[in-house]
Amino acid sequence: MNGLMMDYPLTLAHVLDRAGRYFPKQEIVSRRPDRSIHRTTYGEFHRRAGKLANALRRLGLASGDRVATLAWNHSRHLEAYFAVPLAGGVLHTLNPRLSAQDLAYMVNDADDKIILVDDVLLPVLDKFRSEIRPRHVIVFGHGATPAGALDYEQLIEPQSADFDPGPIDEEQAAGICYTSGTTGRPKGVLYSHRALVLHSLISALPDSIGLSQADVVMPVVPMFHVNAWGLPFSCTMVGCKQVFPGPCLDPPSLLALLAEEKVTCTAGVPTIWLGILETLDKNPGAYDLKALKQMVVGGSAAPPAMIEGYEKRHGLHILHAWGMTEMSPIGTICRVKSQLRSAPAAEQLRLRATQGLPVPFVELRAVGEDGPAAWDGKSMGELQVRGPCIAKSYFQNPAEEDKFTRDGWFRTGDIVTVDPEGYIRITDRSKDVIKSGGEWISSVDLENALMGHPAVKEAAVVAIKHPKWDERPVACVVLKEGQRASEDELRRFLQPLFAKYQLPDAYVFMEQLPRTATGKFLKTALRQQLKDFKFSA
Ligand code: ADP
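This structure is a prediction, so every number in the text was calculated from the model and none was measured.

K.L.:
Explain the sheet that holds strand S16 (residues 357-358) here, please?
P.N.:
Two orientations exist for strands paired in a sheet by backbone hydrogen bonds: parallel and antiparallel. Across the sheet, nine strands lie side by side as S2-S1-S11-S10-S12-S13-S14-S15-S16; this open sheet has mixed pairing. Sheet topology places strand S2 (37-41) and S16 at the edges, where each strand pairs with a single neighbour. Pairing of strand S1 (residues 27-31) with strand S11 (residues 241-244), which is carried by three bridges, proceeds in the parallel orientation. Residue pairing for S11: Val29 is matched across the bridge by Val243.

Here it is in structure tokens:
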């Protein structure tokens, strides 16, 4: 027997309407490239998104057409987040930090019909403009628009603010994001309205990110990095104030916005928070961050020394999360279960540095070489996932089907342990694993420990071919400004924490570490830089 509930589709149309109708005075704040502050409200945003949707239809947008954005975090970008899918299009956010070659590949692979671009990012577009064939380029501008392009404000101004999207099937595509391509060609992940709505509901739960209309949320994670982890959707769903930093991502600008707008929740990759921690350490008490309840950190592992530094020195709380483009993206969030909160501080810190527990409707399993890995906190296995917000295949890319198992799971490529409470800990990505004399050595454990040394700013550990042991770990270290530490000192520092065979064979000091366009250590480039490295006899 079926239930007798309405057949009501889960779409972004409802999310936008509710925000505009019930929270019309709620603020949306953006920092412009000239550093001035722009303020608008949900009421105005709702009307402008309606105008943009009408304008897109006028320009001939057909159902399923892809519309790209090349833009920083700001309120106009938020308008596109809703107007494009409501007009029947598919929002394709582009990362301006990628190479022109990758950007051209993505635009052509997605077959983007329209591109919305920030005026300050026109030089990025110019680098691959001749390789792509969009029908229209629309500029989010603050001045003159170049020839051949449309000005955003002029385009939407004459349109009606009333837009009727008509019926939308919840399975209809609403967005597409490409994986960053650290493993092979970038692959498109096609999100449905249903997945984005479910992901918003799941991430707003108190034990997930925990969002209420009373919050003030500032995503530092760019809107082109897996939809800023879904925050523009989930924040609009709950109707909270949103704060967008625009292109000004230096620590003092971010700290000023956090303080002035009384932000309660912010989110970004560890690189951003390491920079902010250094600034706070140098200027303790300079910023009033009393309103800030949590800083969500994901994209790469949050080093325990950073979690502890924020907590002890500044009373700020890091919430560690793990996810993937293929997962919309949130997979796990680390909150300490209530019955574990009486554990000693060191144990709680250890726990908080893990990637945590799966959010509802994400199923996890760790598959070791001989079947499921035991929940003992030691046995390693490949993390596989399934759920309603997880990709079942890639956009036009059947060659990648080995990422999906025959029994319907997605292979994350992350190697994890699971502790008896179910907390997962990522020890490596499968392509970064160090295999020495038949044993796996976790590069992430070594990196976290090294980043606990007071002189170390960043550390990445990579596998280097070794004549006897197959591979051995080599640590690449960036020291903090004005600090010193010798190879011997770092070795002595790690000694009590690891078995002898796990310790790096060598330490290479660098000015900076190569990074991907989303701020992760680019280990392929490090291995390439060290390809002629010789171990001393
Ligand atoms: P890409 O796979 O192209 O790097 P994603 O942004 O989808 O792009 O990255 C997902 C990967 O990032 C995960 O598979 C994992 O390896 C890594 N990652 C994300 N969050 C964390 C985290 N909190 N700790 C460790 N690794 C993480």
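K.L.:
Would you mind showing me how to read the packing of aromatic side chains here?
P.N.:
Centre-to-centre distance and the angle between the planes together describe a pair of aromatic rings. According to the stated counting rule, one finds nine aromatic pairs in the structure shown. With centroids separated by 5.2 Å and ring planes inclined at 80 degrees, the aromatic side chains of Phe533 and Phe535 adopt a geometry described as edge-to-face. According to the relative accessible area criterion, Phe533 is partly exposed, its value standing at 23%. What links up through ring pairs into an aromatic cluster is the set Tyr42, Phe45, Tyr81, Phe82 and Phe233. Over the ring of Tyr105 we find Arg185; its NZ or CZ atom is 4.0 Å from the centre of that ring. The side chain of Lys187 reaches across the aromatic face of Tyr394, ending 5.4 Å from its centre.

K.L.:
Just checking my understanding: could you explain the sheet that holds strand S19 (residues 381-386) for this structure?
P.N.:
What the five strands build is an open sheet, ordered S18-S17-S19-S20-S21; its pairing is antiparallel. Looking at the sheet topology across the chains shown, the edges are occupied by strand S18 (371-372) and strand S21 (424-429). Of the strand pairs in this sheet, strand S20 (residues 410-418) and S21 are connected by five bridges, and their pairing is antiparallel. If you follow Asp414 over to S21, its bridge partner there is Arg429.

K.L.:
What should I look at first to understand the packing of helix H1 (residues 12-22) against helix H3 (residues 75-86) in this one?
P.N.:
For any two helices packed against each other, the geometry comes down to the angle between their axes and how far apart the axes lie. It is at 9 Å that the axes of H1 and H3 come closest, and there the two elements cross at 135 degrees. It follows from the interaxial angle that H1 and H3 lie oblique. Note that H1 runs across H3; the crossing there is left-handed. Contacts between H1 and H3 involve Leu12, Ala13, Val15 and Leu16 on the former and, on the latter, Phe82, Pro85 and Leu86.

K.L.:
Explain the pairing of S11 to me, please; I cannot follow it from the model alone.
P.N.:
Look at any regular strand and the pattern is simple: side chains alternate between the two faces of the sheet. Along S11, one buried face is formed by Lys241 and Val243 and the opposite face, lined by Gln242 and Phe244, is buried too. Relative to S11, strand S10 (residues 216-219) is paired through two bridges, and the arrangement is parallel. Its bridge partner being in S11, Val217 is matched across the sheet by Gln242.

K.L.:
Sorry if this is basic, but what is going on with the side chain of Arg352 here?
P.N.:
Mapped onto the elements of the fold, Arg352 is located in helix H13 (residues 345-352). Among the residues examined, Arg352 registers a relative accessible area of 12% and is labelled buried. Setting aside residues up to four positions removed in sequence, Arg352 forms contacts with Ile307, Glu311, His317, Ile318, His320, Cys334 and Val336.

K.L.:
Mind showing me how you'd approach the pattern of salt bridges here?
P.N.:
Evaluation of the coordinates by the stated rule reveals 33 salt bridges. Ionic pairing is found between Arg47 and Glu44, a salt bridge with its closest N-O pair at 2.9 Å. In this pair, Arg47 and Glu44 both sit in helix H2 (residues 42-58), three residues apart, roughly one turn of the helix. Looking at Arg47, the relative accessible area reads 41%, which means it is partly exposed. Measuring nitrogen to oxygen at the nearest pair gives 2.8 Å for the salt bridge that ties Arg472 to Asp505. Of this pair, Arg472 sits in strand S25 (residues 470-479) while Asp505 sits in the loop between helix H15 (487-494) and strand S26 (506-509), placing them 33 residues apart in sequence. We classify Arg472 as buried; its relative accessible area is 6%. The class for Asp505 is partly exposed, based on a relative accessible area of 29%. Each of Glu27, Arg39, Lys241 and Glu261 takes part in a single network of salt bridges with overlapping partners.

K.L.:
Which parts of the structure should I look at to understand the packing of helix H10 (residues 251-260) against helix H11 (residues 270-282)?
P.N.:
Their axes nearest at 9 Å, the elements H10 and H11 cross at an angle of 80 degrees. Of the possible angle classes, the one that applies to H10 and H11 is roughly perpendicular. Contacts between H10 and H11 involve Pro251, Leu254 and Leu255 on the former and, on the latter, Ile272, Gly275, Ile276, Thr279 and Leu280. The residue inventory of the contact of H10 with H11, partitioned by class, reads six nonpolar, two polar and no charged.

K.L.:
Just checking my understanding: could you explain the site of the ligand for this structure?
P.N.:
Taken together, 18 residues form the shell around the ligand, and within it Ser180, Ala321, Thr325, Asp414 and Lys520 come nearest. Within the contact set of the ligand, a nitrogen atom lies 3.0 Å away from a backbone nitrogen or oxygen of Gly299. Considered on its own, the ligand offers 570 Å² of accessible surface; in the complex 93% of this is hidden by protein. For the shell around the ligand, the per-class residue count stands at four nonpolar, 11 polar and three charged.

K.L.:
Honestly, the environment of Val84 in this entry has me stumped. Any pointers?
P.N.:
One can find Val84 in helix H3. The exposure class of Val84 is buried, given its relative accessible area of 0%. Between the alpha carbons of Val84 and Gly239 there is a distance of 20 Å; along the sequence they are 155 residues apart. For Val84, the contacting residues outside a window of four places in its chain are Leu56, Leu61, Val67, Gly89, Val90 and Leu91.

K.L.:
Honestly, the nonpolar core in this entry has me stumped. Any pointers?
P.N.:
Most often, soluble globular proteins keep nonpolar side chains buried together rather than apart. Core analysis: the biggest nonpolar cluster contains 87 residues, and Leu12, Phe82, Ile209, Leu211 and Val296 have the highest contact counts within it. If we skip the residues at most four places from it in the chain, Leu12 touches Phe82, Pro85, Leu86, Ala174, His193, Leu196, Val197 and Phe233. The next biggest cluster of nonpolar side chains, apart from the first, holds 28 residues, and it includes Val29, Val220, Ile276 and Val297.

K.L.:
For this particular structure, what's the right way to read unusual backbone geometry?
P.N.:
Negative phi characterises most residues that are not glycine, and trans characterises most peptide bonds. Cis geometry is adopted by the peptide bond preceding Pro329, which originates at Ser328 and carries an omega value of 5 degrees. Mapped onto the secondary structure, Pro329 falls in the loop between strand S14 (318-323) and strand S15 (330-333). Phi angles above zero are rare outside glycine, and Ser328 is one such case at about 80 degrees. Relative to the elements of secondary structure, Ser328 occurs in the loop between S14 and S15. Positive phi outside glycine occurs at Phe361, with the angle close to 65 degrees. Of note, Phe361 is situated in the loop between S16 and strand S17 (363-368).

Each value, and the rule that gives it
Residues numbered from 1 in each chain as written. Predicted model: local features only at pLDDT ≥ 70, side-chain atom pairs only at ≥ 80, totals over all residues. Heavy atoms only, no water. Pairing = 2+ DSSP bridges. Helix = DSSP H or I, 4+ residues; strand = E, 2+ residues; numbered from the N terminus. Phe/Tyr/Trp six-rings, centres within 6.5 Å; stacked < 30°, edge-to-face > 60°. Buried < 20%, exposed > 50% of the residue type's maximum accessible area, 1.4 Å probe, protein only. Lys NZ or Arg CZ within 6 Å of the ring centre and 35° of its normal. Axes fitted to C-alpha atoms, helices over the stretch in contact; angles between N-to-C directions. Parallel < 35°, antiparallel > 145°, perpendicular 65-115°, else oblique. Left-handed = near helix turned anticlockwise from the far one by under 90°. Contact = heavy atoms within 4.5 Å. Salt bridge = Lys/Arg side-chain N within 4 Å of Asp/Glu carboxyl O. Nonpolar A, V, L, I, M, F, W, Y, C, P; charged D, E, K, R; others polar. Near = heavy atom within 4 Å. Polar contact = N/O pair within 3.5 Å; in protein donor to acceptor, adjacent residues only side chain to side chain. Areas by Shrake-Rupley, 256 points an atom, 1.4 Å probe, with all protein chains shown as cover. Core = buried A, V, L, I, M, F, W, Y, C linked by side-chain atoms within 4.5 Å.

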